[in-house]
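# Structural description and commentary
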Amino acid sequence: MRKQRFGISTTHIILLSFLIAILIGTLLLSLPVSSADGKATPFLDSLFTATTSVCVTGLVVTPTVSSWSLFGQIVILILIQIGGLGVITIMSGLMILLNKKMGISDRLLLQDAFNLNSLSGLVRFVKKVVTGTLIIECIGALFYMTVFIPEFGAKGIWISVFTAVSAFCNAGIDIIAENSLCDYAINPVINIVTCTLIIIGGIGYVVWWDVLRVLKRSKTRKVRFFRDLTLHSKIAVTTSLILILTGAALIFIFEYNNPQTIGNYTLFQKLEVSLFQSVTTRTAGFATFAQKNLSNAGAVVCLLLMFIGGSPVGTAGGIKTVTFAVIILASVASIRNKSDVEVFNRQLTKQAVNKAVSVTCMSFIIMFASTVLLSAVTDANILDIVFETVSATATVGLTRNLTPSLGSIGKLIIIITMYFGRVGPITIAVAFKRNKDNPNNIRNPIEEISVG
């Protein structure tokens, strides 16, 4: 655990930065000027909204479109942008903009914030992340305007900007209607733009630059696109495609005759809505039909997709696609009695496998503890409770209408779950562990145990 000034580790700084952003957001949202009716919003509801915004989750206790004034919506949008990029990234971007020199401690902090393996090129990386994010969000907003300006007039500009930022940051919060995007379930522009923003934001910044690198090289010499990608990008892209397509296929099958979800649509429309549902469960949180109406089988599929989430070093939550892939690959290697975990003719490090196991276990523990606690304070259906806690843990934002009915204790449970889910299970584990490094490199004796 790297130590910073005053003996505070980089991990603790990351945790505190998100916490401070949440508290500042809570205070701003508690002001009467933030509320649509001009009255001060209860502190707990303001805290919940600030947390779900910074943690880019999307679970809300009151409808965003009707509960908050323009000022309140602007505060929420800023919190979403901060949460999507990360507080450390925002601060580093401001330092670069003001030509402030970044010291080694700042670079170490950035490295931990992005979960990168090297200090090389960090400043350039931050510049590209911030610039790329703003460009993509602007393009997304322009496409949204083709739908929202004709429908809402000048207000459509603000709705387009808000929705583009929320979609890219995988937040799932919108100011269109109280039923999310249900009114646009079969609108091709809204579907395509939203899915594209969700996927680009969730695939991870590292994959962005790797894809652009290969495309740039292809202009000067012949390259095989997929082969020339890094191993990380290959795993992230392949796993994402498999999950999106498999998820869409399963939702299509299980919901085909369900009139409350996709049963009344044409064949093409069923495919369109199923694909959107598969994409949005990757921690985006927008909905084109009520999640309460999902069949049990469809809900279980969505639970798995939500728990996995998007890819590392992006705006999405969950245990991440690469983590899931490593767990599967390690299991297959173990079943085949192979000592090495291999994929695409490359061998994975033991550290990568151990980290994948740690992240998955910690996420499951957070989700399980949240489920037990929420079950103790509410008498809701267990599937609704699990759906809520997985959504909070993976910072998805989809709900089966349980969030608005939560009591004070239930809201606090979900607030804590969203926070832990956003800052990352592995970060929590590292932040509170004691330094147990063995200076003498002395190891305990090995002894066999029975597993399985």
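Just above sits the structure.
Residues numbered from 1 in each chain as written. Predicted model: local features only at pLDDT ≥ 70, side-chain atom pairs only at ≥ 80, totals over all residues. Heavy atoms only, no water.

## A short note on the overall build of the protein chain
For clarity, the cut-off: Secondary structure is summarised from DSSP: a helix means a run of H or I of at least four residues, a strand means a run of E of at least two, and numbering begins at the N terminus for each. When a residue's accessible area, from a 1.4 Å probe over protein chains only, is under 20% of the maximum for its type it is buried; when over 50% it is exposed; and in between it is partly exposed. Between two residues, a contact is recorded if the distance between any of their heavy atoms is within 4.5 Å. Accessible surface is estimated by sampling points in the Shrake-Rupley manner with a 1.4 Å probe; for residues, cover comes only from the protein chains shown.
Helix and strand content of the protein chain: 18 helices and 2 strands. When each of the 452 residues of the protein chain is scored for burial, the buried share is 52%. A fraction of 69% describes how many contacts in the protein chain between residues 6 or more apart in sequence connect residues 24 or more apart. Looking at the protein chain as shown, the accessible area adds up to about 21,900 Å², and 64% of this sits on carbon and sulfur atoms.

## A closer look at the side chain of Lys320
If you trace the backbone, Lys320 turns up in the loop between helix H13 (296-308) and helix H14 (321-335). Owing to a relative accessible area of 18%, Lys320 belongs among the buried residues under this scheme. Not counting residues within four places of it along the chain, the set of residues in contact with Lys320 comprises Ile308, Gly310, Ser311 and Pro312.

## Description of the nonpolar core
Note the following rule: Take the buried residues of types Ala, Val, Leu, Ile, Met, Phe, Trp, Tyr and Cys, join any two whose side-chain atoms come within 4.5 Å, and each joined set is a nonpolar core.
Counting 83 residues, the largest nonpolar core has Ile80, Tyr144, Phe148, Leu197, Tyr205, Ile414 and Met418 as its most contacted members. Among the elements that line this core, the one with the most residues is helix H7 (residues 122-152), at 8 residues. Grouped together as the second largest cluster of nonpolar side chains are 25 residues, Leu243, Ile251, Val359 and Leu383 included.

## As for the pattern of salt bridges
Basically, it comes down to this: Note on definitions: salt bridges are taken to be side-chain nitrogens of Lys or Arg within 4 Å of carboxyl oxygens of Asp or Glu.
All told, the structure shown has 6 salt bridges when counted by the stated rule. One salt bridge in this structure joins Arg227 and Asp228, with 3.6 Å as the shortest N-O distance. Classification of Arg227 by relative accessible area gives partly exposed; the value is 49%. Given the relative accessible area of 15%, Asp228 is considered buried. Residue Arg400 is joined to Asp384 by a salt bridge in which the shortest nitrogen-to-oxygen separation is 2.5 Å. Here the residue Arg400 occupies a position in the loop between helix H16 (382-393) and helix H17 (408-423), and Asp384 occupies one in helix H16, the gap between them amounting to 16 residues. Judged on exposure class, the residue Arg400 and its partner Asp384 are both buried. Each of Lys292, Asp384 and Arg400 takes part in salt bridges that share partners, so that together they form one network.

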